[in-house]
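Letter by letter, the chains look like this.
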Amino acid sequence: MHPAFQGLLTIAIGVSGCVGYFYLSNQVLDKVLFPARGPNAGRNINRANMIRPWLFLLPALLALGLYLAYPVFETLRLSLTDRIPGGGYKWVGLDNYRQMAAEPKFWEAMRNNMLWLIVVPAMSTAFGLLVAQLTDRIRWGNVAKALIFMPMAISFVGASVIWKLVYDTRPAEQDQIGILNALYIFFGGSDPQTWLTIPFWNSFFLMIVLVWIQTGFAMVILSAALRGIPEETIEAAVLDGANPFQIFFRIKVPQIKTTILVVWTTITITVLKVFDIVFAMTNGQWETQVLANYMFDKLFRANDWGVGSASAMVIMLLVTPILIWNVRNARKEMQ
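Note that the structure is predicted; figures quoted are calculated from it, not measured.

Peer 1: Looking at this structure, how should I read the side chain of Ser 160?
Peer 2: Within the secondary structure, Ser 160 is located in helix α6 (residues 156–166). Once you skip the residues sitting within four places of it in the chain, Ser 160 turns out to touch Val 209, Asp 276, Ile 277, Ala 280 and Met 281.

Here it is, written out as structure tokens:
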């Protein structure tokens, strides 16, 4: 079967299946379980209306249970067990966590993740806010926004390949195709540098890739928030003699503080799960290991499912408080 036809067939089956499910489930609810007739018609209508929302939520709940809840519990189980040669598992309790905590590579990954958490959300949000403010003040601002947002359309691996060329190093006697080395030599550098092998600083070179991508995301959200600020407050500040810096930091930023925090936490969650950039550019070498790459190495290279699952649980535990905080803030705004 041709792939295009197969895709169309899948869409048709999916849409018709959804329509059929909702139609039939409502028919069963209204005609069989709680028919709107007889002496109990009013009570049946109320009961049907109470159950109806759950009919719409049921497919989503089943999908969340299958693709989210089940993997979490299965990962937790695997983190507390170990594979037996020949097949099967044995219960080892917290041994996998102890083994993980005893490995220097794990603490290297934790240290690098903390460094990413400090640098990337702060820089991405700050640059996004700065660009959102400046592009609203120039005539060709929409073109600038489109160019800055463009990296969001590139996959992390694609962005990594682009920046790997930026950091490329050739022998001193050859022309440098890496922009950074070309500039370094142009401004008086002696020998080209292998930027991605310089411990500590190479992590920052990797972070630049994610900042480059996430700045566009922050810019779009914060630009919309800035445009939602009532003009009356800005006009009042101008009449009171406030300069542009005072208007920005004392009038605009406080009014979009909640949006800034949402953008910050969203990027933070992305940083905690960062894998593609490190995998494509250094593969965790030269002290650039992060938790997601460490988990990949354990699961699919060392075939150590116990320690790999334990590291996956660590990532989930780090992400969960931020997700809860985001949900609570969203509910407060709705109220």
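Peer 1: How should I be thinking about the pattern of salt bridges in this particular structure?
Peer 2: Pairing between side chains of opposite charge can happen when the charged atoms of each approach one another. All told, the structure shown has 7 salt bridges when counted by the stated rule. For Arg 52, the salt bridge identified is with Asp 30, shortest N-O distance 3.0 Å. One end of the pair, Arg 52, is in helix α2 (residues 41–79); the other, Asp 30, is in helix α1 (residues 3–33), and 22 residues separate them in sequence. Using a relative accessible area of 19% as the deciding quantity, one classes Arg 52 as buried. Across the pair Glu 74 and Arg 77 runs a salt bridge, and its minimum N-O distance is 2.5 Å. Of this pair, Glu 74 and Arg 77 both sit in helix α2, 3 residues apart, roughly one helical turn. With relative accessibility at 23%, the residue Glu 74 sits in the partly exposed group.

Peer 1: Explanation requested: the packing of aromatic side chains in the structure shown.
Peer 2: Aromatic ring pairs are described here by two measures, namely the spacing of the ring centres and the angle between the planes. Summed over the entire model, instances satisfying the criterion amount to 19 aromatic pairs. Ring centres of Tyr 167 and Phe 205 lie 5.3 Å apart, and the angle between their planes is 50°; this geometry places the pair in the tilted category. You can see Tyr 167 sitting in the loop between α6 and α7 (179–186) and its partner Phe 205 sitting in helix α8 (residues 201–227), a full 38 residues away along the chain. When the centroid spacing of 6.1 Å and the interplanar angle of 75° are considered together, the rings of Phe 300 and Trp 305 count as edge-to-face. Residue classification places Phe 300 among the exposed residues on the basis of a relative accessible area of 54%. Residue Trp 305 is classed as partly exposed on the basis of its relative accessible area, which comes to 26%. A cation over a ring is seen here: Arg 77 above Tyr 89, with NZ or CZ 5.2 Å from the ring centre.

Peer 1: I tried to follow a nonpolar patch on the surface on my own but got confused; where do I start?
Peer 2: Side chains of Trp 54, Leu 57, Leu 61, Leu 64 and Leu 68 sit close together on the surface and give an oily, nonpolar patch of about 530 Å² of accessible area. As for its placement among the helices and strands, Leu 64 is situated in helix α2.

Cut-off values and rules
Here the residue numbers are simple positions, counted from 1 along each chain's written sequence. Thresholds applied to this predicted model are a pLDDT of at least 70 for local features of residues and 80 or more for the giving and counting of side-chain atom pairs; totals over whole chains, interfaces and linings are not thresholded and use all residues. Here the side-chain values reflect all heavy atoms present in the structure, with hydrogen atoms and water set aside. For helices the rule is a DSSP run of H or I covering at least 4 residues; for strands it is a run of E covering at least 2, with both sets numbered from the N terminus onward. Contacts are residue-level and defined by heavy atoms, with any inter-residue pair within 4.5 Å sufficient. One side-chain nitrogen of Lys or Arg within 4 Å of one carboxyl oxygen of Asp or Glu is enough to make a salt bridge. Buried residues are those whose accessible area, probed at 1.4 Å on protein chains only, stays under 20% of the maximum for their type, while exposed residues exceed 50% and partly exposed ones sit between those limits. Aromatic pairs are defined between Phe, Tyr and Trp rings, using the six-membered ring for Trp, whenever the two ring centres lie within 6.5 Å; interplanar angles under 30 degrees are classed as stacked, those over 60 as edge-to-face, and all others as tilted. Cation placement over rings: the criterion is NZ of Lys or CZ of Arg within 6 Å of the ring centroid and within 35° of the ring normal. Without a salt bridge and with relative accessible area above 30%, a residue can belong to a patch; like charges are then joined within 9 Å and nonpolar side chains (Val, Leu, Ile, Met, Phe, Trp, Tyr) within 5 Å. Areas reported as accessible are Shrake-Rupley estimates using a 1.4 Å probe. Residue values count occlusion only from the protein chains shown.

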